[in-house]
Amino acid sequence: MKPFFSILSVHTNSFSHESIAIGVIFVADKIHFGYSPTKLHWLKKLNIGNDLSFLVENSLKKIQSIVNEENKTIHQGKLLNNIFSKSYFSYLEQYSAGAIKFSEPVQIDIQFNQVVFAKYYQKIIGENFPQIKKQNKVSFHSKLNSLFKEKKLEQKADINFQLHSNQITGVLKDIKLSLITKNGSVNALQTIDFSVGNNTIVSNIYEAQIISESLLKFCNKLEKPFE
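## Here we look at the packing of aromatic side chains
Okay, step 1: In the structure shown here, the tally under the stated rule is 13 aromatic pairs.
Okay, step 2: Seen in terms of ring centroids, Phe33 and Tyr35 are 5.8 Å apart; in terms of plane orientation they differ by 45°. Their pairing is tilted. Judged on exposure class, the residue Phe33 and its partner Tyr35 are both buried.
Okay, step 3: Taking the centre distance of 6.0 Å and the plane angle of 70° together, the rings of Phe89 and Phe102 count as edge-to-face. Pair noted here: Phe89 is in helix α3 (residues 86–95) and Phe102 is in strand β4 (residues 101–102), with a separation of 13 residues, a long-range link. For the pair shown, Phe89 and Phe102 are each scored as buried.
Okay, step 4: Put simply, the rings of Phe5, Phe26, Phe112, Phe117, Tyr120, Tyr121 and Phe129 pair up and form one aromatic cluster.

## Quick word on the sheet that holds strand β6 (residues 158–163)
Okay, step 1: Strands sit in the order β6-β7-β8 across an open sheet of 3 strands; the sheet is antiparallel. Taken across any chain shown, the strands that pair with only one partner, and hence form the sheet edges, are β6 and β8 (186–189). Neighbour-to-neighbour, the strand axes of this sheet turn through a mean angle of 45°, independent of strand direction.

## Quick look at the nonpolar core
Grouped burial of nonpolar side chains is what soluble globular proteins tend to show.
Okay, step 1: If you look at the biggest cluster of nonpolar residues, it comprises 23 residues, and the most contacted ones within it are Leu8, Val56 and Leu60.
Okay, step 2: Mapped onto this core, the elements with two or more residues apiece are β1 (4–13), β2 (18–27), β3 (31–35), α1 (37–43), α2 (49–75) and α3.
Okay, step 3: Ranked by the residues each element gives to this core, the list is headed by α2, at 6 residues.
Okay, step 4: Beyond its immediate chain neighbours, meaning those up to four positions away, Val56 contacts Val10, Ile22, Leu40, Leu43, Ala99 and Ile100.
Okay, step 5: Among the nonpolar cores identified, the runner-up in size contains 13 residues, and Phe5, Ile108, Phe112 and Phe117 belong to it.

## Points about the pattern of salt bridges
Okay, step 1: The full count for this structure, using the stated rule, is 3 salt bridges.
Okay, step 2: The shortest N-O distance in the salt bridge between Lys61 and Glu57 comes to 3.5 Å. With Lys61 and Glu57 both in helix α2, this residue pair falls 4 residues apart, about one helical turn.
Okay, step 3: Its salt-bridge partner being Lys72, residue Glu69 comes within 3.5 Å of it at the nearest N-O pair. Here Glu69 pairs with Lys72, and both are found in helix α2, just 3 residues apart, close to one helical turn.

Cut-offs and rules
Residues numbered from 1 in each chain as written. Predicted model: local features only at pLDDT ≥ 70, side-chain atom pairs only at ≥ 80, totals over all residues. Heavy atoms only, no water. Phe/Tyr/Trp six-rings, centres within 6.5 Å; stacked < 30°, edge-to-face > 60°. Buried < 20%, exposed > 50% of the residue type's maximum accessible area, 1.4 Å probe, protein only. Helix = DSSP H or I, 4+ residues; strand = E, 2+ residues; numbered from the N terminus. Pairing = 2+ DSSP bridges. Axes fitted to C-alpha atoms, helices over the stretch in contact; angles between N-to-C directions. Core = buried A, V, L, I, M, F, W, Y, C linked by side-chain atoms within 4.5 Å. Contact = heavy atoms within 4.5 Å. Salt bridge = Lys/Arg side-chain N within 4 Å of Asp/Glu carboxyl O.

In structure tokens:
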């Protein structure tokens, strides 16, 4: 089934047929629906606002509830409810008599997803989709440091320890170790982010191997200082 959408609008003046677009619904791989809280609040300021906004808000919440239930059904692999068929939206455009009016469904021939929906919503409603929030990507090392902090490892070990090349033979450049501790013996941990490129991963593995071998030689030398 090709995606299609219908615009939800509210008539604010029956004499002049003025209306505002307050929401939009897309039927694709799932049902995408959103409406404007800002415009809903604006309706309350009109002379007819209290009664109208109450009816519109109730209708929008009911639609949202039906959409949520339908999307649960879709995730279970069942067919769409007939009320989300293109023919039914055409029927609503002709005969709906409630507080909200539906436009004639418009079919679009593109690969549809939540990002596309947000772009259409912004163009149709004139504001950003309120449910879309930009999430800052948390780096691998930030997650790691948070985990170390959560486990209170800084009380038992040196975190992000700076190992200088002149301290240990075999280490050719200054390296930051994720964790190192000494309690009878030296134990070191060097973490590797496997979400980066293959060349970087291989380089980090070789680096960790060199650190391990160099630390082992260093510790053996401390145990046998006169050999």
